Amino acid sequence: TQLLEQSPQFLSIQEGENLTVYCNSSSVFSSLQWYRQEPGEGPVLLVTVVTGGEVKKLKRLTFQFGDARKDSSLHITAAQPGDTGLYLCAGVGGGFKTIFGAGTRLFVKA
Amino acid sequence: GAVVSQHPSWVICKSGTSVKIECRSLDFQATTMFWYRQFPKQSLMLMATSNEGSKATYEQGVEKDKFLINHASLTLSTLTVTSAHPEDSSFYICSARPPGSGEKLFFGSGTQLSVL
């Protein structure tokens, strides 16, 4: 069974601080996705990383895919209150089914 | 971009009644849709894969007679929670992969079910 371990599960920081969320697995994934979910809504795709070692930037968010394609990280620079939400990493496993990490609940205080 | 519409957004029902949740792909055809369940402050757990024109594939531990899935057309999948009980209260979310989107999932807005 493929599993994605995500850490930390909860993070409360001050506006302007930096943070990193990690997503790790013992399995190789062809790609990993990062989603963000607001309360009472469905997750929204932020990025897909496909190539080992790949780095993608989305404004203040930097996503990295590990060289072995078993792990990924999300780094947020100068966090803002608007970044508050649940961040989920996900990967496609057997049967083309998407599995999710436990999620990281981020709260950015003004 | 691809749009997945889910209805209703929230529903409150009495214990013992059945509730139907609809998931529609608005601008693409979806031969497969996925139903997830999410408890408060937890991640998404895959319940079942809905297949157009054939039976749904359920994940281990999910009762197929409890959670009836119908995927009668290429744009509509429905999830019916039968004889709902308070422990079925949860956030249910559907998703689909539009053709050409690779492994990306597009999600509906979710349905918050509260069983009294």
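For every chain, the first residue of its written sequence is number 1, and the numbers climb from 1 along that sequence. Just so you know, chain letters begin at A and ligand numbers begin at 1, following the order they were written in. The predicted nature of this model means local features are confined to residues of pLDDT at least 70 and side-chain atom pairs, given and counted, to a pLDDT of 80 or more, with totals for whole chains, interfaces and linings taken over all residues. Derived side-chain values reflect all non-hydrogen atoms in the structure, with water molecules and hydrogen atoms excluded from consideration.

### Structural notes on the overall build of chain B
Working step 1: Check the secondary structure of chain B and you find zero helices and 11 strands.
Working step 2: Secondary structure elements follow DSSP: runs of H or I of four or more residues count as helices, runs of E of two or more count as strands, with numbering from the N terminus. For chain B, the sequential pattern of α-helices and β-strands runs β-β-β-β-β-β-β-β-β-β-β.
Working step 3: Just to be clear, the radius of gyration here is over C-alpha atoms, and the globule rule we use is 2.2 Å times residues to the power 0.38. In summary, chain B has a C-alpha radius of gyration of 13 Å against a globular reference of 13 Å for 116 residues, a match within 12%.
Working step 4: Projected onto its principal axes, the C-alpha positions of chain B cover 40 × 30 × 25 Å.
Working step 5: Exposure classes here rest on a 1.4 Å probe applied to the protein chains alone. A residue is buried below 20% of its type maximum, exposed above 50%, and partly exposed in between. Relative to its 116 residues, chain B shows a buried fraction of 49%.
Working step 6: For this analysis, residues touch if any pair of their heavy atoms sits within 4.5 Å. Counting contacts in chain B only where the partners sit at least 6 residues apart, residues at least 24 apart contribute 53% of the total.
Working step 7: Carbon and sulfur atoms form 53% of the exposed surface of chain B, whose accessible area is close to 5700 Å².
Working step 8: Distance between charge centroids for chain B: 3 Å, based on 10 positive and 9 negative side chains. Computed by Shrake-Rupley with a 1.4 Å probe, the accessible areas treat only the displayed protein chains as cover when residues are assessed. Under the convention used here, Asp and Glu are negative, Lys and Arg are positive, and both His and the chain ends fall outside the count. To locate a charge, take NZ of a lysine, CZ of an arginine, CG of an aspartate or CD of a glutamate.

### Notes on the sheet that holds strand β3 (residues 19–24) of chain A
All names here are of chain A.
Working step 1: Only strands that DSSP links by at least two bridges are regarded as paired with each other. Taken in spatial order, the five strands make up an open sheet running β1-β3-β8-β7-β6, and their pairing is antiparallel. Across the chains shown, the open sheet's two edge strands, defined by having one partner strand only, are β1 (5–7) and β6 (55–58). Each strand axis lies, on average, 15 degrees off the axis of its neighbour in the sheet, ignoring direction.
Working step 2: Sheet topology places β1 next to β3; three bridges connect them, and they run antiparallel. Bridging across to β3, Ser7 finds its partner in Tyr22. For every element, the axis is a line fit to its C-alpha atoms; helices are fit only across the contacting stretch, and the angle between N-to-C directions ranges from 0 to 180 degrees.

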